[in-house]
Amino acid sequence: MLMPKRVKHRKRQRGNLKGKATASIRLDFGDFGLRAVESGWISAHQIEAMRVTVAHYLKRAGKLWIRVFPDKPVTQKPAETRMGKGKGEPVSWVAPCRKGRIIIELEGVTEEEAREALRRASSKLSIKTRFIKREGVM
């Protein structure tokens, strides 16, 4: 599972996901990609499921880049605990993803293969995405 090796602070505030992404907004590595249409958190489990799905469908053909990394801890209080007594313990990691950010990129496969692989990958995510391709790619 993806998670940082070490972090400066164990617990972090939730923050907000208003507005559009300013980083990772164009295809830098591959010819095809998935762009987030809405903002949200992508969990480490979803990223791993997406990676496995694409690798399985393409039978390890082509090259894959995952452009998001889960570096934000999500905390949760134990079940049946009264209010107060501080913030809960970290239970998982998420990658905050604003609208317009590129989530995954592919190269070295045909457009039809890439479209189907990324369609299957997008079904693993909790946010809406759109298939994009680099200009000039047939």
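Before reading further, recall that the structure is shown in the block above.
Here the structure is a predicted model, which is why all the values come from computation and not from measurement.

Novice: Would you mind showing me how to read unusual backbone geometry here?
Specialist: Although it is not a glycine, Arg-60 sits at a positive phi angle of roughly 60°. Tracing the sequence through the fold places Arg-60 in the loop between helix H1 (44-58) and strand S3 (63-66).

Novice: Help me understand the nonpolar core, please; the structure alone is not making it clear to me.
Specialist: Soluble globular proteins tend to bury their nonpolar side chains together. Of all hydrophobic cores here, the largest spans 23 residues; its most connected members are Phe-32, Ile-42, Met-50, Val-54, Ile-103, Leu-106 and Leu-118. Among the elements of the structure, strand S1 (32-36), H1, strand S5 (89-97), strand S6 (102-107) and helix H2 (111-122) are those that each provide at least two residues to this core. Contacts of Val-54, omitting those with residues within four sequence positions, involve Leu-64, Ile-104, Leu-106, Ala-117 and Ala-121.

Novice: It is not clear to me how the packing of aromatic side chains should be interpreted in this structure. Could you clarify?
Specialist: Aromatic rings considered in pairs are described by the distance between their centres and by the relative angle of their planes. Counted under the stated rule, the structure contains 2 aromatic pairs. An angle of 20° between the planes, with centres 5.6 Å apart, marks the rings of Phe-29 and Trp-65 as stacked. Residue Phe-29 is located in the segment before S1, and its partner Trp-65 is located in strand S3; the two are separated by 36 residues in the primary sequence. We classify Phe-29 as partly exposed; its relative accessible area is 42%. Taken together, a centroid distance of 5.8 Å and an interplanar angle of 20° make the contact between Phe-32 and Phe-131 stacked. Here Phe-32, found in strand S1, pairs with Phe-131, found in strand S7 (residues 129-133); they are 99 residues apart in sequence, far enough to count as distant.

Calculation rules
- Residues numbered from 1 in each chain as written.
- Predicted model: local features only at pLDDT ≥ 70, side-chain atom pairs only at ≥ 80, totals over all residues.
- Heavy atoms only, no water.
- Helix = DSSP H or I, 4+ residues; strand = E, 2+ residues; numbered from the N terminus.
- Core = buried A, V, L, I, M, F, W, Y, C linked by side-chain atoms within 4.5 Å.
- Buried < 20%, exposed > 50% of the residue type's maximum accessible area, 1.4 Å probe, protein only.
- Contact = heavy atoms within 4.5 Å.
- Phe/Tyr/Trp six-rings, centres within 6.5 Å; stacked < 30°, edge-to-face > 60°.

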